[in-house]
Structure formats: structure tokens, C-alpha cells
Amino acid sequence: MKIRKITYKLYPNKAEHNALLECLRLQKDLYNGALQERIDCYQKTGKSLSYNQQQASLTQIRADIPEYKALPVYLSRMTLKRLDITFKSFFNRVKKGQTPGFPRFKSIKRFTSFEICAGSGWSFCFGNDRKNGTLHINNIGTIKARGQARTLGKPKTSQVMYKGGKWFLSLTVECEPEREITSAKAMGMDWGVSHLMTITHEDGSYIQIKNPRYYQHAKEQLLVLAQAVSRKKRGSNRWRKANKALAQLRSRIARKRHHDHHQLSHDIAQQYAFVATESLTIKNMTGSAKGTAETPGKNVAQKAGLNREILDTSPAKLLAMIRYKVEETGSEYKEVSAKKVKPSQRCPDCLTVMKKSLSTRTHKCACGCHMPRDAASGLVMLRSALGTLFNRSEILPGG
């Protein structure tokens, strides 16, 4: 059994919309109240409150405030659990010596979702042919949901989200996903910016997938809308309208990227039985080049532009999609250590390591190997993952 998420768009009527907003406000207040309680407890006693201690007080809260009693108790428990997870992450960052980032109080603009775990008080009913459905929450209503589930399963938890004036549902289900595979080919996959992806086969042939460059295509429109927001008086109706237009455009770009990633990862999982790629650490790749006042960095603007282009392709999300879909077909997905193999610097034929700058996009070697740099990198990763890179008899001395 696997855990999968299905996203639906919700269509509440006016009364349901107002009830959802009120529920969101109540959970925001509960989150902030629980955060203040933890701060006060630590300041007075030097001890931290746990999730179990805070959720035990829900009985009194529900007795004193009828609005909370009308909602499923699991909903409030998940809000307290959310705060508990936030504090655990804070303490983990402190232990690792990272910037801690103490949990902050949330305004309604920053508290845009609430969760419901398994239990009574809510249910989701799938529609016919896995299309659409209905979400029922006690004292809120039965809300129409539009979307399509690839695999039906048992609903475990759900997250109701309010984005850009619209409601969405992220439904977590326990299921047995299955996917079909049409061939048994192997490939090495090199993610990049000049091309979104280069797929190299065992025979050295390759396919380059164009980078859609979502940000660059929408850059001018984003700039106009951002300037419109800055010119309006903060808090005015015109300012809110401009903010809404900017949020809608950003949401449209994100949905387009998400859709394209799903299509691409589906095609890869369907066509390849073995996928090898580089193990990426996106946080390190997109680090700032600003440096410090004592030792300022170089080419700061260029690095910032590169970081923007990297994040625009959302590589971590794309590779995660490819991985789980490939594994659902029963195929193998393998990541290669770039530090050990050096795929972008190594020749796939003679194994010579040649340092290349980012501007060098073609691999040329004295052994006669001549191909695009990303294709050569993909071939190195494929042969390394198959175990044929360093033991190929034709390139070993005396082979």
C-alpha cells in the first residue's frame, strides 16, 4: 500500500464559503493561542509544552467556545499538531547550528489551510469513473469537488486550502497504484537549464527536452502587476484587487509547471525500465554568491539570475515525480553521486576527467568522443548505474 495525494478544486456555495472562512479564522486563532501558551509556559517555568498537553485542553476550549465545539475535534487536533511539528523543526535547526527561525504568529493571509485527519466529522465520496466527488464536513456542508483520481483508495487525511480567492482540497489516500510500461529501455537523465532534460540511451543516442522557461515568458506581465501593487495605497480596495491579479498569475504559472511535470514524468515512466540520474542538492546549487562585508562575493547578479532559472524548473519536484512513477511500474530508479563519478566532467568513452566551465556546452575529447555536454553526462551516469563504467574492457589498459 502506498500513500498518494489527489488535488481537487472545491465549489462551495456562498454559505459554505463563509463557513470555510470562519473555520479558517478559528484555526488561525487556535494556532496563535497555542503558540502564545508555549511561549508563556517557557518564560515562566523554563519548560516546553508538548502536543499531548495542549490537545488535552481542547475539551475545555470546546466547552467555553461553541464555535469550536461545532467543528470536528480532529480538525483542531491537527492544528495543534501542525504547531508541534513547527516547534520540532525549530529545535532540529538549533541542534544543527542552522538559522533557527522561531515559529511566528500567523495572520489570516499566512494561515491559508487547515487539516482534517481520519475520524468522524468529515468524509469524501468519489464520483463515477474516478472523476469529481463531494467533501462533507460537519456544520459546514457538502461541497462539490472537481478533479480526477488516477487510483482510488481509502481517504486518510485531507487539507483544505484557500488560494487566490479559491478553495482546493488535497486528499491523502492509501492505495495500490499501478502503471503500465511499454518498453524495457534504459536511459541516463541529465537535468539542466539550457535544456530542461537530456535523455541518453545505451547506444549514445539522445533526446533533448526544451526548457519551457515559465518565468521568462511571464516576466513582463509579472513586472507590470507587481508595479501596480506598489503604486496602490496599502490596504485599499484597489491594492487588494492588484494583489489578487498578481496572485492569480503566479498561481497560473505554478499550475502550468505542475501539469507539464506530471506529463513529462508519466511519459518517462511509461517508456523506460531503468532510469539513472544525478543526485542533486538543490539548496547548495542555489546558494547566494553575495558573501559577507569582509569577503564580498563575485558575479552576484549572474548567480542570482542562475538561481532563478534553476528554481523556475523546480528540479526537486520533477525528479520526485519521476522517481515514484518509475517505481510504480516496477522499474528501477537510481541516483549517481556526482562527487564520485563527476558525470559533467568525465568522458563516457575513455573516462578522462576534463574540467569544463558552465558556458562549455559541448564535450570534445582526444579519444574522438564528440557530443553535447549534457548527453555525455547522461551516458556517464547510465553506465555508472549499470556498473559498466569503470570495468569496460575496451577502454582498460591491455583490454
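Quick summary incoming for the structure in this document. Small disclaimer: the values here were computed from a predicted structure and weren't measured.

In terms of regular secondary structure, the protein is built from twelve helices and 14 strands. For the C-alpha atoms alone, the extent of the protein along its principal axes is close to 85 × 60 × 45 Å. The buried share among the 399 residues of the protein stands at 39%. Taking the contacts inside the protein whose residues are at least 6 apart along the sequence as the reference set, 63% of them involve residues at least 24 apart. Surface summary for the protein: the accessible area is close to 22,900 Å², and the carbon and sulfur share equals 52%.

Bringing the pattern of salt bridges into the picture now. Taken as a whole, this structure holds 15 salt bridges when the rule is applied. Note that arginine 179 is salt-bridged to glutamate 328, the shortest N-O span being 2.6 Å. Of this pair, arginine 179 sits in the loop between β7 (166-175) and β8 (185-191) while glutamate 328 sits in helix α10 (residues 315-328), and the two are 149 residues apart along the sequence. One exposure class covers both arginine 179 and glutamate 328, and it is buried. In this structure, glutamate 327 engages arginine 323 in a salt bridge whose closest nitrogen and oxygen atoms are separated by 3.3 Å.

All right, on to the environment of alanine 385 then. Within the secondary structure, alanine 385 is located in helix α12 (residues 373-386). Separated by 168 residues in sequence, alanine 385 and histidine 217 have C-alpha atoms that sit 36 Å apart. Leaving out residues up to four positions away in the same chain, alanine 385 has contacts with Phe274, Ala276, Lys334 and Val336.

Further remarks concern the pairing of strand β1 (residues 2-11). Bridging between β1 and β7 involves nine bridges; their strand directions are antiparallel. Across the sheet, residue lysine 5 finds its bridge partner in β7, namely threonine 172. Where β1 and strand β5 (residues 141-148) come together, three bridges link them in antiparallel fashion. Bridging from a neighbouring strand, tyrosine 11 pairs with lysine 144 of β5.

Here we come to the packing of helix α6 (residues 214-231) against helix α9 (residues 300-312). Orientation of α6 relative to α9, taken along the N-to-C sense of each, is 110°, at an axis distance of 9 Å. Classified by the angle their axes make, α6 and α9 are roughly perpendicular. Only Arg308, Glu309 and Asp312 of α9 make contact with α6, whose side of the interface consists of Tyr214, Tyr215 and Gln216.

Each turn of an α-helix holds 3.6 residues, which means side chains three or four residues apart point in the same direction. End to end, helix α7 (residues 237-271) covers 51 Å across 35 residues, agreeing with the expected 51 Å (1.5 Å per residue, within 8%). Here α7 has its buried residues at Trp239, Ala242, Leu246, Leu249, Ile253, Arg257, Asp260, His261, Leu264, Ser265, Ile268 and Ala269.

Evaluated as defined, the whole model comprises eight aromatic pairs. Ring geometry for tyrosine 162 versus tryptophan 167: centroids 4.4 Å apart, planes at 35°, classification tilted. Since its relative accessible area comes to 24%, tyrosine 162 is described here as partly exposed. Taken together, the ring pairs connect Phe87, Phe90, Phe91 and Phe102 into an aromatic cluster. The cationic tip of arginine 82 hangs over the ring face of phenylalanine 111; the distance from NZ or CZ to the ring centre is 4.2 Å.

With respect to the helices, strands and loops of the structure, glutamate 278 is situated in strand β11 (residues 272-278). Not counting chain neighbours up to four residues away, the residues in contact with glutamate 278 comprise Met189, Asp190, Val336, Ala338, Pro343 and Met381.

Analysis parameters
Residues numbered from 1 in each chain as written. Predicted model: local features only at pLDDT ≥ 70, side-chain atom pairs only at ≥ 80, totals over all residues. Heavy atoms only, no water. Helix = DSSP H or I, 4+ residues; strand = E, 2+ residues; numbered from the N terminus. Buried < 20%, exposed > 50% of the residue type's maximum accessible area, 1.4 Å probe, protein only. Contact = heavy atoms within 4.5 Å. Areas by Shrake-Rupley, 256 points an atom, 1.4 Å probe, with all protein chains shown as cover. Salt bridge = Lys/Arg side-chain N within 4 Å of Asp/Glu carboxyl O. Pairing = 2+ DSSP bridges. Axes fitted to C-alpha atoms, helices over the stretch in contact; angles between N-to-C directions. Parallel < 35°, antiparallel > 145°, perpendicular 65-115°, else oblique. Expected span 1.5 Å × (residues − 1). Phe/Tyr/Trp six-rings, centres within 6.5 Å; stacked < 30°, edge-to-face > 60°. Lys NZ or Arg CZ within 6 Å of the ring centre and 35° of its normal.

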